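# Tertiary structure, described
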Amino acid sequence: MTASTETVGHPSRSASHRWKIQPKEFRAIFDPSAFPKVTYLLYEIKWGSSNKFWRKWCPNTPTHHAEINCLENDFKAIHHRPSVRCSIIWFLSWSPCGLCCRLIIHFLRAHPKVTLQIYIGRLFRHRDERNRQGLRDLVSSGVNVHIMSLPAYDYCWRTFVDHRVREDDMYWPCYFTPWMIFYMLEFQCILQGLPPCLQIWLKNYTGSPVFRLVLQESHRKLLWQSLHTANSHHQRLIFRPRPSAEHWYPSMYFPGPPVNHKQ
C-alpha cells in the first residue's frame, strides 16, 4: 500500500481527495476498541514560520514499523533543511515499540531543530517492559506524547479522511470514551513507573478484545493525582460534548517551546 501527500496553506477542503484515507478504513484502523494488525501513521510537518503544512500518511510494511518507514523514507523525501525549525505532529494508531522509541530519540538528537508531538490511539503490547521503558524515554527526551482524545479523532477525520458528504464533516465518536480512558490510565501507569493496570485479552471464539482494569494499591494515589493535574486538560477533552457545526473550534493542540534533544 502506498501513501500519498498533500501540501496546503489553509484548512479548506482540498480540490483533490485522491491521497486521503477512506472513511471505513480510518474507522477500522483507529478504533481504540479494536485490534487491527496494521499501523497507520498520519502526520503533518510545518517549517519555520510558514503557514503551510506538508501532510502525508504511511502504514507499516512487512519489514518496517510505520515510524521507521516515515523517518527513513518519507522524511528524507522532503529534503529537510537542518537550519530551519521544523515541527512534526504524528497520529499513530498504535504506540511506538521500544526499538522505535530509541530510533525516534536518535533521529531527534541528530536533528535538534525538529520538535515532535505524538498522538496515539492504542498502546502497543503495553505489558512488555521494553515498550514501557521506551515510552518513558521518549517523554523524557522532550517528545509530547498523548492518548488521542475526541478532538484529535475529529481533526484527523477532517484533515486526512476522504469524506465527501457535507453531513460527515464532523467526527465525534463518543463511544470511544471508555477505551480512551483505559489507555490514558495505563499510559499514566507507564509514565509513573507503576505496574500495568490494564488487562486485555482476545476472545477465542470471536477474536474481539476484552478490557479490564486491575488497580493495585500502588496505583491509586499517584495515578489519580497525575490524572487530576498533568492530564486535566485531556479529561476535559474526553468528556467535552460534541461541538455544533456553527461553533467548531479549530485548535486541537497547543505548540510548546522548542526542546533541545541533545544530552
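Residues numbered from 1 in each chain as written. Predicted model: local features only at pLDDT ≥ 70, side-chain atom pairs only at ≥ 80, totals over all residues. Heavy atoms only, no water.

Turning to the packing of aromatic side chains, a few remarks are in order. Summed over all chains, the structure comprises 14 aromatic pairs. Relative to Phe 124, the ring of Trp 94 has its centre 6.1 Å away and its plane inclined at 80°; by these criteria the two rings are edge-to-face. Here the residue Trp 94 occupies a position in the loop between β4 (86-92) and α3 (98-110), and Phe 124 occupies one in the loop between β5 (114-120) and α4 (129-140), the gap between them amounting to 30 residues. Since its relative accessible area comes to 7%, Trp 94 is described here as buried. With a relative accessible area of 23%, Phe 124 lands in the partly exposed category. An aromatic cluster of three or more residues is present, and its members are Trp 19, Phe 91, Tyr 119, Tyr 155 and Phe 160. (Phe/Tyr/Trp six-rings, centres within 6.5 Å; stacked < 30°, edge-to-face > 60°. Helix = DSSP H or I, 4+ residues; strand = E, 2+ residues; numbered from the N terminus. Buried < 20%, exposed > 50% of the residue type's maximum accessible area, 1.4 Å probe, protein only.)

Turning our eyes to something else, we now look at the pattern of salt bridges. Within the structure shown, the criterion is met by five salt bridges. Among the salt bridges present, the one from Arg 130 reaches Asp 128, with a minimum N-O distance of 2.8 Å. Judged by its relative accessible area of 62%, Arg 130 is exposed. Here Asp 128 falls in the partly exposed class, since its relative accessible area comes to 24%. For Arg 136, the salt bridge identified is with Glu 129, shortest N-O distance 2.5 Å. For Arg 136, a relative accessible area of 15% puts it in the buried group. In this structure Glu 129 comes out as partly exposed when scored by relative accessible area, which is 45%. (Salt bridge = Lys/Arg side-chain N within 4 Å of Asp/Glu carboxyl O.)

Looking now at the nonpolar core. Among the nonpolar cores identified, the biggest contains 34 residues, and Leu 41, Ile 88, Trp 90, Leu 116, Ile 118, Leu 123 and Leu 138 are the most heavily contacted of them. Looking at this core, the elements with two or more residues in it are β2 (40-47), α2 (66-77), β4, α3, β5, α4, β6 (144-147) and α6 (177-192). In contact with Ile 118, not counting residues within four places along its chain, are Trp 90, Leu 92, Leu 138, Val 143, Asn 144, Val 145 and His 146. Judged by nonpolar contacts, the second largest core, of 24 residues, contains Phe 30, Trp 57, Cys 156 and Trp 157. (Core = buried A, V, L, I, M, F, W, Y, C linked by side-chain atoms within 4.5 Å. Contact = heavy atoms within 4.5 Å.)

Another point: unusual backbone geometry. With a phi angle near 40°, Arg 125 is a residue other than glycine that sits in the positive phi range. Taking the relative accessible area as the measure of exposure, Arg 125 reaches 59% and is therefore exposed.

This paragraph deals with α6. Helix length check: α6 (16 residues) gives 22 Å between terminal C-alpha atoms against 22 Å at 1.5 Å per residue, within 8%. For α6, every residue scored as buried is listed here: Thr 177, Met 180, Tyr 183, Met 184, Leu 185, Glu 186, Phe 187, Gln 188, Cys 189 and Ile 190. Looking one or two places after α6, you find Gly 193, whose phi comes out positive at around 70°. (Expected span 1.5 Å × (residues − 1).)

Below, the discussion takes up the environment of Trp 57. Summarising the element assignment, Trp 57 is placed in strand β3 (residues 53-59). Considering only alpha carbons, one finds Trp 57 and Phe 160, 103 residues apart in sequence, at a separation of 8.1 Å.

Glancing now at the side chain of Arg 132. With respect to the element layout, Arg 132 can be found in helix α4. At 2.9 Å, the side chain of Arg 132 and the backbone oxygen of Leu 194 are in polar contact. In this structure, Arg 132 is in contact with His 126, Arg 127, Glu 186, Cys 189, Ile 190, Leu 194, Pro 195 and Pro 196, ignoring residues within four places of it in sequence. (Polar contact = N/O pair within 3.5 Å; in protein donor to acceptor, adjacent residues only side chain to side chain.)

By the secondary structure assignment, Tyr 119 is in strand β5. With 26 residues separating them along the chain, Tyr 119 and Ser 93 place their C-alpha atoms 8.5 Å apart.

Attention now goes to α4. Over its 12 residues, α4 runs 16 Å from end to end, which matches the ideal 16 Å to within 8%, given 1.5 Å per residue. Within the span of α4, buried status applies to Asn 131, Arg 132, Gly 134, Leu 135, Arg 136 and Leu 138. Contacts made by the buried residues of α4 are with α3, β5, β6 and α6.

Worth remembering: the numbers are spatial, not functional.
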